[in-house]
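Listed below, chain by chain, are the residues.
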Amino acid sequence: MLSRPIIEARAIHKSFGPLKVLDGVDLVVAERELVFIIGPSGSGKSTLLRCLNRLEEPTSGHIVGDGIDVLARRTDINALRRRIGMVFQSFNLYPHMTALGNVAFALRRVVGLRRRDAEERARSALALVGLADKADAYPAQLSGGQQQRVAIARAVALEPRVMLFDEPTSALDPELVGSVLRVMRQLREGGMTMVVVSHEMEFARAAADRVLFMDGGRVIEQGPLDCLFGAPKSDRLRAFLRSLERH
Amino acid sequence: MELFVSSFLNVEVVWAARALLLQGFANTMLLIAIAVPLGLAGGLLLALLSLTPVRIARLLLAVWVDLFRALPPLVLLVFVYEGLPFAGLELGPLGSVAVAFLLNSSAYYAEILRAGIDSVPRGQWEAARSSGLSALDTLGWVVLPQAVRNVLPDLVSNTLEVVKLTSIASVVAMPELLYQARQAQSVTYNASPLVAAALIYLLLLWPLVRLLSRLEHRLPSRM
Amino acid sequence: MSGWELFLFSFLNLRVMAEYLPSIAAGFLLTVQLAALIIASGLALALLLAVLRSLGSLVLSFAIVLFVDLFRAIPPLVLIVLLYFGLPNLGFTPSGFVCTWVVLALVLAAFAEEIVWAGILSVPKGQWEAARSTGLSFFTTLRCVVLPQALRLAIAPLTNRTIAITKGTALGSVVAVSEILAQASAGVSFSSNPSPLTLGALAYLVLFGPMVLLARRIERRFAWRH
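A few words on the sheet that holds strand β4 (residues 60–65) of chain A. Residue and element names in this part refer to chain A. In space, the four strands of this open sheet follow the order β2-β1-β4-β5, with antiparallel pairing throughout. Here the strands that pair on one side only, and so sit at the sheet edges, are β2 (19–30) and β5 (68–69). Packed onto the sheet, helix α1 (residues 45–52) meets β1 (5–16), β2 and β4 and runs at close to 60° relative to β2.

Here it is as structure tokens:
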């Protein structure tokens, strides 16, 4: 690994009651790297992602994000989260604000920009995702693909050091997936560090530096996509790849 | 503290007033047994009337319902009890309460039941009628059961309100629980009978409030 | 006198009405003040309680649920009478106005807290997560993201409940508050004619009728969207 890690998660455990969702996961993400996480549902991949910005509190483990101890009590978690952008499966746009309002809100409230500056920056973020003309539309007036791009703009506008994508295209109709993936490719080319949980193998093939395969709360295999897919070492990965082919 | 206990939680005073309180409780149960079925029956009748395709009928029902939503039930009761005798209509306490509650509660029940009937898909009527069921059978066996289930929280909530509202009968000298407790309080100069009455209402209605809380928090989420 | 004339003479006697118009107008003003106080303090307390409940403290939530249950289960008139006739035993003599205000404000707070809380619960968890993931604090998220959505859902049941409870100002007549009903009732006994009651009922309709119509409009506009 050439550059310093932006995320360094060590021995992450997470249990919900008796259920072990993460069972000692390590994840190191270097600057400008795109890590792609695959695995069957219930493998813990979304939970891992949500631990990285502390939407879930790990039961034990250490996470350093952008040089800061994520799990420490004295860490200003809100300041840290601003530098770790997150995009959700269900978009989660604020339905009572326009696209522009959605993007500008945290710029005003968290970054502390004045209204005009926040809106200017929000407009350029919307332009980046190809939605400059939809600034005044409410989420209910946008297609799923457009909503997800607004959600990406909302995260990008805060100029995060790393972006987490939690199945960003799973809730979309097939014909709308392409527009979202294009925006993600564009971010990637701009040098954004990204961790992506997704089933979009085409995207992984084109953009991922490294693929992680998770199952049962552990990382089973990891490496460049061709190695993993060309010569899977574990039965579980082989089974998972077969299940993908069937679809 | 001692003063508080002796004047609000005085068991001896309550015990001495037990006959009054028991009689009051019995009368309150009687009022409930009259007011709730009367309101429900009147409400159902109004809701069914509003099913007519005649627009003016539905408008009249809406005006009727809004009238009683705007008028305090106590004003209605006092009007019936104090006002109607001037027109030669002397109903007495129980009769006045029955009439006032019929007018007031049926308006609320009608609104709820109408919303319930509206929530049953048109196809249910059509399916039942096409299988040869009469209109009355369709209503009673197919539509109303679904309608009631769909608005159950509102029905329970309104019933809770009707039960609590029976306490206003004390104003027209109906010897129900609050009236009797107030009698005992004024004789003993001790508030404990009133506290006892409050506790009796609490014991009677707490299960209903809990049930309601559980029904209400099962709200539909929007995503 | 024919039946119709008797009816007019009894219930719509303009001479009697004119005589008692000033006192009922005074009752109207007092009722408006009482209603405004109940609504303002009841809803403010409800919002405060709902926010406290969202903090997730078990002890706090339990205490709030207890308060809510208590004031939902006991008839307001019982509480008003209890305060008015009971508190003098402890050396306080609150006026009937204060007793009615306090009780109805607490009852409204109890009901409204439940409605607002149900609204907060119905806002999807993803809204919290999205807001927090951009670095917004708990309170900013609650105030600017969750509450606007929760209140939008709550507004129709909230207006209906507010009207139903605020109408309880008439209960003040039992504890010597000179509101509309008390003034009208006094008018009936002085004049031996029920027309003041008609006027009182009309005064209540003037006060709450517009609120009911407003509630209807809100109901149509902000209906639950499934």
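Don't stop here, the text continues.
A separate point is the sheet that holds strand β10 (residues 218–223) of chain A. All names here are of chain A. Reading across the sheet, the six strands line up as β6-β7-β8-β3-β9-β10 and stay open at both edges, with mixed pairing between neighbours. Here the strands that pair on one side only, and so sit at the sheet edges, are β6 (84–87) and β10. Across the sheet, the mean angle from the axis of one strand to that of its neighbour is 20°, orientation sign disregarded. Bridge count between strand β9 (residues 210–215) and β10: five bridges; the pairing is antiparallel. Of the residues in β10, the one forming a bridge with M214 is V219. Sheet strands in contact with helix α5 (residues 144–156) are β6 and β7 (162–166), and its direction is about 170° off that of β6.

Residues and elements named next belong to chain B. Here L77 lies in helix α5 (residues 73–83). Here L77 falls in the buried class, since its relative accessible area comes to 0%. The spacing of L77 and F101 is 24 residues in sequence and 8.0 Å in space, taken between C-alpha atoms. The residues contacting L77, other than those within four sequence positions of it, are S96, V97, A100, I168, A169 and V172.

The next thing to look at is helix α3 (residues 58–73) of chain C. Between its first and last C-alpha, α3 of chain C extends 22 Å over 16 residues, near the 22 Å set by a 1.5 Å rise per residue. For α3 of chain C, every residue scored as buried is listed here: S61, I64, F67, V68, D69, F71, R72 and A73 of chain C.

Turning our attention to the interface of chain C and chain B. Of the residues lining the interface, 60 residues belong to chain C; the matching set on chain B comes to 57 residues. Carbon and sulfur atoms make up 68% of the surface buried where chain C meets chain B, a total of about 5,000 Å² over both sides. Per-residue buried area on chain C facing chain B is highest for R72, K167 and R216 of chain C; these three make up 13% of the total on that side. Counting every contact that joins chain C to chain B gives five salt bridges. Residue R69 of chain B is joined to E219 of chain C by a salt bridge in which the shortest nitrogen-to-oxygen separation is 3.8 Å. Along the contact surface separating chain C from chain B lie 14 residue pairs in polar contact (both at pLDDT 80 or more). Breaking the side of chain C that touches chain B down by element, the ones donating at least two residues are α1 (3–11), α3, α4 (76–86), α5 (96–122), α7 (138–166), α8 (180–191) and α9 (195–221) of chain C. The leading source of residues in the side of chain C that touches chain B is α9 of chain C, at twelve residues. Classifying every residue of the side of chain C that touches chain B gives 37 nonpolar, 14 polar and nine charged.

Conventions we followed
Residues numbered from 1 in each chain as written. Chains lettered and ligands numbered in written order. Predicted model: local features only at pLDDT ≥ 70, side-chain atom pairs only at ≥ 80, totals over all residues. Heavy atoms only, no water. Pairing = 2+ DSSP bridges. Helix = DSSP H or I, 4+ residues; strand = E, 2+ residues; numbered from the N terminus. Contact = heavy atoms within 4.5 Å. Axes fitted to C-alpha atoms, helices over the stretch in contact; angles between N-to-C directions. Buried < 20%, exposed > 50% of the residue type's maximum accessible area, 1.4 Å probe, protein only. Expected span 1.5 Å × (residues − 1). Buried area = accessible area lost by both parts, 1.4 Å probe. Salt bridge = Lys/Arg side-chain N within 4 Å of Asp/Glu carboxyl O. Polar contact = N/O pair within 3.5 Å; in protein donor to acceptor, adjacent residues only side chain to side chain. Nonpolar A, V, L, I, M, F, W, Y, C, P; charged D, E, K, R; others polar.

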